[in-house]
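Letter by letter, the chains look like this.
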Amino acid sequence: MATDLGTAERTITGLDALDLADRTATPRGARVWAAAWPKVLALGLAVGLWQVVVWSGWRPEYILPAPATVAAALVDLVRTGGFWSSVVNTAGRALSGYSIAIAIGLVLGVAVARIRVLRAAIGSMITALQTMPSIAWFPLAIVLFQLSEQAILFVVVLGAAPSIANGVIAGVDYVPPLLLRAGRNIGARGWRLYRYVIGPASLPHIVSGLKQGWAFCWRSLMAGELLVIIPGRPAVGTSLEQHRGLSEYPEMMADMIVILVIGLLVDAVFGAADRAVRTRWGITENR
Amino acid sequence: MTTARTAVTLSGVSKVYGRGPAAVHALDSVSLDIAPGEFVCLVGASGCGKSTLLSLVAGLDTQDSGSVAIVDGARPALMFQEPALFPWLTVAGNVTLPLRLRGVPRPRRAERVAELLRSVHLEEFARRRPHQLSGGMRQRVALARTLALDTPVLLMDEPFGALDAMTRDILHDEIERIWQERGLTVLFVTHNVREAARLGDRIILLSSRPGRVVWERRVDVPRPRRIDSPEIAEVAAEVTDRLRREVGRHGH
């Protein structure tokens with residue numbers, strides 16, 4: 001009997017080993033290269049296209065500067081103290097607006113997902129809010145708050161919160177029923193079902209809601225900084241508008257690059273979070 | 001005291017889905033007594049309410065009439081055809097969760113998880129994630145998670161239906177061993193007649209629409225059994241004949 005048990009155990013471990021045999025990961029270096037080269041290529045193509053347009057003489061060079069001129073302007077720009085104080089101001093606005101949007105979005109999302117009446121009442125309104133271009137809120141914001149930080153904050157929160165709320169709602173809605181059954185069966189009921197099953201199960205949707213919320217937050221903020229210029233408060237968007245006013249086009253385009261890069265960097269953080277969740281869950285194939 | 005002699009008692013249990021002419025009688029006054037330590041296999045064609053019956057016994061659904069009683073008021077553990085593991089937790093995390101929810105103190109949990117994983121031969125895989133395992137391994141993790149509930153009654157809803165034949169054979173040996181070691185009472189739903197003959201002390205045939213107990217048979221083949229032995233094949237053939245007759249009733 002003892003040998004019998006030994007054989008059974010060996011069969012099981014043998015079968016397990018066979019089942020897992022072909023699951024090897026690709027080396028890290030190869031993965032980084034595979035992810036990087038298309039982006040480098042795309043960047044090269046975009047800059048090349050820009051240079052070709054400049055060479056074509058479609059617009060005089062003092063209006064549409066060449067990539068090299070803009071690069072030089074960018075280097076000069078980041079050396080000034082004014083530039084960094086505007087980056088700090090803009091980042092501060094983004095951070096406070098986004099934090100408030102997260103708080104509102106999470107509470108609203110959970111409430112709408114849980115309470116049937118609330119869903120019927122404001123579920124579709126959240127989506128409607130999301131389709132409203134944030135720039136269209138500014139006249140109202142300026143009427144309500146004048147040209148102030150609050151006006152910008154108001155629009156940034158209105159832009160970002162609906163996406164985050166929608167992410168939470170989608171997350172709760174798409175929890176597989178089987179996981180709910182399994183959760184209830186192992187004793188997770190009431191709020192503990194939220195804590196241990198529904199919450200973690202909706203994480204992928206919540207992360208993509210946060211990512212989309214960030215995109216809306218950043219766009220609204222830039223629109224706000226172009227329109228709501230507060231004296232003594234330098235900001236990245238404000239600088240863009242001022243350089244246009246002063247016909248400093250290489251500097252204006254350098255500002256655009258700064259805006260693009262900040263947006264991309266934060267987006268990359270969300271991309272990494274999203275990938276981390278997917279890898280843990282085994283949703284992606286290329287680990 | 002009649003309840004002491006049975007682990008699970010169903011008396012006159014009925015369940016109807018929908019209303020009016022479209023209503024489906026999933027179960028029609030099903031009565032069933034399962035003795036403590038008994039391994040009962042429930043067989044039937046599709047639509048016979050097998051899964052409904054398990055949901056009722058598990059307390060995930062409520063019957064329209066009749067009663068379901070479990071020994072000592074225990075809450076049975078239910079295992080599904082899919083492993084239904086939580087992808088955000090490791091193997092050990094999945095097995096820990098029921099212990100945590102039951103309020104088992106932290107130092108005891110690790111010990112229990114190790115013991116449970118050992119009993120399904122997965123102690124080396126504690127830190128893996130479910131997606132890194134094969135189907136059969138995942139189902140064994142699900143079994144360990146179910147056993148972590150420490151209930152005397154185990155309900156299984158076609159737990160090996162999605163596995164290949166070889167893995168299934170091995171899991172038959174495993175579930176039989178665990179059932180014997182722990183003295184569990186098992187109610188096992190399957191549409192695989194051979195599987196029922198391989199595992200069950202008793203096979204119960206449910207009819208379709210409405211679901212009723214139409215026939216039952218004891219399986220006295222001594223254990224350990226083999227699914228390809230002539231005795232099991234004989235039992236399986238008899239059950240298949242009864243099942244076909246039952247399905248044939250719906251032909252006209």
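Residues numbered from 1 in each chain as written. Chains lettered and ligands numbered in written order. Predicted model: local features only at pLDDT ≥ 70, side-chain atom pairs only at ≥ 80, totals over all residues.

Per an unreviewed UniProt entry, chain B is named ABC transporter ATP-binding protein, and its organism is Planosporangium thailandense.

Where an unreviewed UniProt entry is consulted, chain A appears under the name ABC transporter permease, with the organism given as Planosporangium thailandense. Per UniProt, chain A has the following entry under Sequence similarities (unreviewed entry): "Belongs to the binding-protein-dependent transport system permease family." In UniProt, chain A has this text filed under Subcellular location (unreviewed entry): "Cell membrane". (UniProt positions renumbered as here; feature names shortened; annotations may be inferred.)

**Student:** Mind showing me how you'd approach the interface of chain A and chain B here?
**Tutor:** Interface size is commonly expressed as the accessible area that is lost once the parts come together. Taken residue by residue, the interface counts 25 residues in chain A and 26 residues in chain B. Sorting the residues of the side of chain A that touches chain B by element identifies α1 (2-20), α8 (177-185), α9 (191-201) and α12 (249-281) of chain A as the ones contributing at least two each. Top element by residues in the side of chain A that touches chain B is α1 of chain A. It accounts for nine residues. (Contact = placed C-beta atoms within 7 Å. Helix = DSSP H or I, 4+ residues; strand = E, 2+ residues; numbered from the N terminus.)

**Student:** Just checking my understanding: could you explain the sheet that holds strand β4 (residues 65-70) of chain B for this structure?
**Tutor:** All names here are of chain B. Taking strand neighbours across the sheet as the criterion, the three strands line up as β2-β1-β4 in an open arrangement whose pairing is antiparallel. The open sheet has two free edges, formed respectively by β2 (24-34) and β4, since each of these has just one partner strand. Averaged over all neighbouring strand pairs, the angle between strand axes comes to 20°, with direction disregarded. Sheet topology places strand β1 (residues 8-17) next to β4; five bridges connect them, and they run antiparallel. In the strand pairing of β4, T9 is matched with A69. (Pairing = 2+ DSSP bridges. Axes fitted to C-alpha atoms, helices over the stretch in contact; angles between N-to-C directions.)

**Student:** Sorry if this is basic, but what is going on with the confidence of the model for chain A here?
**Tutor:** Caution is warranted with low-pLDDT regions, since their predicted coordinates should not be read in detail. The pLDDT averaged across chain A works out to 89; a share of 95% of its residues lies at or above 70. Ranking the elements of chain A by mean pLDDT puts α1 of chain A last, at 73, and helix α3 (residues 67-78) of chain A first, at 95. (pLDDT = per-residue confidence, 0-100.)

**Student:** Is there a simple way to think about the UniProt feature "transmembrane region" (unreviewed entry) in chain A in this case?
**Tutor:** Residues and elements named next belong to chain A. The feature "transmembrane region" (unreviewed entry), as annotated in UniProt, sits at residues 40-58, 95-113, 125-145, 151-175 and 252-273 in this numbering. In the segment residues 40-58, helix accounts for 89% and strand for 0%; the C-alpha atoms at its two ends are 27 Å apart. Annotated as residues 95-113, this span is 100% helix and 0% strand, and its ends, taken at the C-alpha atoms, are 26 Å apart.

**Student:** Just checking my understanding: could you explain helix α5 (residues 116-131) of chain A for this structure?
**Tutor:** Every α-helix carries 3.6 residues per turn, so stepping three or four residues along brings you back to the same face. All names here are of chain A. End to end, α5 covers 23 Å across 16 residues, agreeing with the expected 22 Å (1.5 Å per residue, within 8%). Helix geometry: α5 is bent most strongly at I122, by close to 40°. Of all 16 residues in α5, one are buried; the element is thus mostly exposed. (Expected span 1.5 Å × (residues − 1). Bend = angle between axes of the 7 residues up to and from the residue. Buried ≥ 20, exposed ≤ 12 C-beta atoms within 10 Å, placed from the backbone.)

**Student:** Any chance you could explain the packing of helix α2 (residues 91-101) of chain B against helix α3 (residues 106-119) of chain B here in plain terms?
**Tutor:** Between two packed helices, the angle of one axis relative to the other and the distance separating the axes together describe the packing. Residues and elements named next belong to chain B. Packing of α2 against α3 leaves a shortest axis separation of 9 Å and a crossing angle of 125°. What the angle tells us is that α2 and α3 run oblique. In the crossing of α2 with α3, the sense of the turn from one axis to the other is right-handed. Contacts from A92, V95, T96, L99 and R100 in α2 reach R109, R112, V113, L116 and L117 in α3. Considered class by class, the residues forming the contact of α2 with α3 number six nonpolar, one polar and three charged. (Parallel < 35°, antiparallel > 145°, perpendicular 65-115°, else oblique. Left-handed = near helix turned anticlockwise from the far one by under 90°. Nonpolar A, V, L, I, M, F, W, Y, C, P; charged D, E, K, R; others polar.)

**Student:** Whenever I open this one, the environment of S163 of chain A confuses me. Can you help?
**Tutor:** Residues and elements named next belong to chain A. Looking at the element boundaries, S163 is found in helix α7 (residues 149-173). The exposure class assigned to S163 is buried, which follows from the 24 C-beta atoms found within 10 Å. With 30 residues separating them in the primary sequence, S163 and L193 have C-alpha atoms 24 Å apart. The residues touching S163, leaving out its near neighbours within four places in the chain, are Q130, G209, Q212, G213 and F216.

**Student:** Just to check I follow, could you spell out the UniProt feature "domain: ABC transmembrane type-1" (unreviewed entry) in chain A for this structure?
**Tutor:** Per the UniProt annotation, the sites labelled "domain: ABC transmembrane type-1" (unreviewed entry) are residues 87-270 of chain A. Helix makes up 84% of residues 87-270 of chain A and strand 0%, and the two end C-alpha atoms of the span are 20 Å apart.

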